[in-house]
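Read off the chains here:
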Amino acid sequence: EQEKPNCSEIAHLYGMAPPTVARWVYRINASTDGDISVLMDIPNPGRNTRMEEKQMALIRKALKKPPGKAAMKEDKWTGRLLSDYLKQKYNIALKVRMCQRWIRRFEEEKM
């Protein structure tokens, strides 16, 4: 009988970290029916924003129109572009990564 691979071997095969594979095995073994759906990530809403409603409204307003209408030279909003725009226009300092999240959030709201 062929020996079953361990978590480290599976992790190496798929280019993942061994603790991740071990966590998956634990989740499957802990489930009542061994269904792999237990591996699906549960959405985590994260912490509440510290931004005021007025600031969020300004971001929404900016993202509703293309950057060109906001006197920016780009065709599409990016985290860097939104960060620069908010700093120049409203003196709101948001990091690029946070701006990327806002862009994604508002795109999802449109759907």
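See above for the structure.
Residues numbered from 1 in each chain as written. Predicted model: local features only at pLDDT ≥ 70, side-chain atom pairs only at ≥ 80, totals over all residues. Heavy atoms only, no water.

## Brief notes about the overall build of the protein
Quick note on the threshold: Strands here mean DSSP runs of E at least two residues long; helices mean DSSP runs of H or I at least four residues long; both are numbered from the N terminus. The globule rule used here is 2.2 Å times the number of residues to the 0.38 power, and the radius of gyration it is set against is calculated over C-alpha atoms. Throughout this description, buried means an accessible area under 20% of the type-specific maximum (1.4 Å probe, protein chains only), exposed means over 50%, and partly exposed covers the range between.
When helices and strands are counted, the protein shows five helices and zero strands. Taking 2.2 N^0.38 as the reference for a compact globule, 111 residues should give roughly 13 Å; the C-alpha atoms of the protein span a radius of gyration of 22 Å, well beyond that estimate. C-alpha atoms of the protein, sized along the principal axes, occupy 70 × 25 × 25 Å. With 111 residues in all, the protein has 23% of them scored as buried.

## Describing the nonpolar core
Where we set the bar: In this text, buried Ala, Val, Leu, Ile, Met, Phe, Trp, Tyr and Cys residues form a nonpolar core when linked through side-chain atoms within 4.5 Å. Any two residues whose heavy atoms approach within 4.5 Å at even a single point are treated as in contact.
Formed by 19 residues in total, the largest nonpolar core has its most connected members in Ile59, Trp77, Leu82, Tyr85, Leu86 and Leu94. Those elements that provide at least two residues to this core are helix H3 (53–64), helix H4 (79–90) and helix H5 (96–110). If one sorts the elements of this core by residue count, H3 sits on top with five residues. Apart from residues lying up to four places away in sequence, tyrosine 85 is in contact with Ala62, Ala70, Met72, Trp77 and Tyr90.

## Some remarks on H5
Going by this rule: What a helix should span is 1.5 Å times the count of its residues minus one. Relevant arc is that of directions from the helix axis to the C-beta atoms, nothing else.
For H5, spanning 15 residues, the distance from its first C-alpha to its last is 21 Å, which sits close to the expected 21 Å at 1.5 Å a residue. Turning to H5, its buried residues are Cys99, Trp102, Ile103 and Phe106. Buried residues of H5, seen end-on, are gathered within an arc of 100 degrees and therefore sit on one face of the element. Lining the buried residues of H5 we find H3 and H4.

## Regarding the packing of aromatic side chains
Rules: Aromatic contacts are taken between Phe, Tyr and Trp rings whose centres are within 6.5 Å, Trp giving its six-membered ring; a plane angle under 30 degrees counts as stacked, one over 60 as edge-to-face, and the others as tilted. We call a charge positioned over a ring when the NZ of a Lys or the CZ of an Arg lies within 6 Å of the ring centre and within 35 degrees of the ring normal.
All chains considered together, the criterion is met by three aromatic pairs. Both rings, one in tryptophan 102 and one in phenylalanine 106, keep their centres 5.5 Å apart while their planes meet at 25 degrees; by these two values the pair is stacked. Placement of the pair is tryptophan 102 and phenylalanine 106 together in helix H5, with a separation of four residues, close to one helical turn. An aromatic cluster is defined as three or more aromatic residues linked by ring pairs; in this entry it consists of Trp77, Tyr85 and Tyr90. Between the NZ or CZ atom of arginine 105 and the centre of the ring of tryptophan 102, over which it lies, the distance is 4.4 Å.

## What about a nonpolar patch on the surface?
The condition is simple: Exposure above 30% relative accessible area and the lack of any salt bridge qualify a residue for a patch; like charges then connect within 9 Å, and the nonpolar side chains Val, Leu, Ile, Met, Phe, Trp and Tyr within 5 Å. Areas reported here follow the Shrake-Rupley algorithm with a probe of radius 1.4 Å; residue values treat only the protein chains shown as occluding. The term salt bridge refers to a pairing of a side-chain nitrogen on Lys or Arg with a carboxyl oxygen on Asp or Glu at a separation within 4 Å.
A cluster of nonpolar side chains, namely Leu13, Tyr14, Met16 and Trp24, defines an oily patch on the protein surface of about 450 Å² accessible area. Relative to the helices and strands, methionine 16 resides in the loop between helix H1 (7–14) and helix H2 (18–30).

## Some remarks on the pattern of salt bridges
Per the counting criterion, the structure on display carries one salt bridge. Here aspartate 84 and arginine 80 are joined by a salt bridge, their closest N and O atoms 3.7 Å apart. On the criterion of helical spacing, the pair formed by aspartate 84 and arginine 80 is a turn pair, its members being four residues apart in helix H4.

## Overview of the packing of H3 against H5
Heads up, the condition is: Lines fitted to the C-alpha atoms define the axes, with helices restricted to the stretch that makes contact. Angles between their N-to-C directions range from 0 to 180 degrees. Working definition: roughly parallel below 35 degrees, roughly antiparallel above 145 degrees, roughly perpendicular at 65 to 115 degrees, and oblique for all remaining angles. Should the near helix be turned anticlockwise from the far one by less than a right angle, the crossing is termed left-handed; should it be turned clockwise, right-handed. Basically, the charged four are Asp, Glu, Lys and Arg, the nonpolar ten are Ala, Val, Leu, Ile, Met, Phe, Trp, Tyr, Cys and Pro, and anything else, Gly included, counts as polar.
The N-to-C vectors of H3 and H5 enclose an angle of 70 degrees; their axes lie 11 Å apart at closest approach. Judged by the inter-axis angle, H3 sits roughly perpendicular to H5. Relative to H5, the crossing made by H3 is right-handed. Contact residues: H3 offers Met56, Ile59, Arg60 and Leu63, while H5 offers Trp102, Ile103, Phe106, Glu109 and Lys110. Its residues assigned to classes, the contact of H3 with H5 shows six nonpolar, no polar and three charged.

Functional significance is not addressed by these values, which are geometric in nature.
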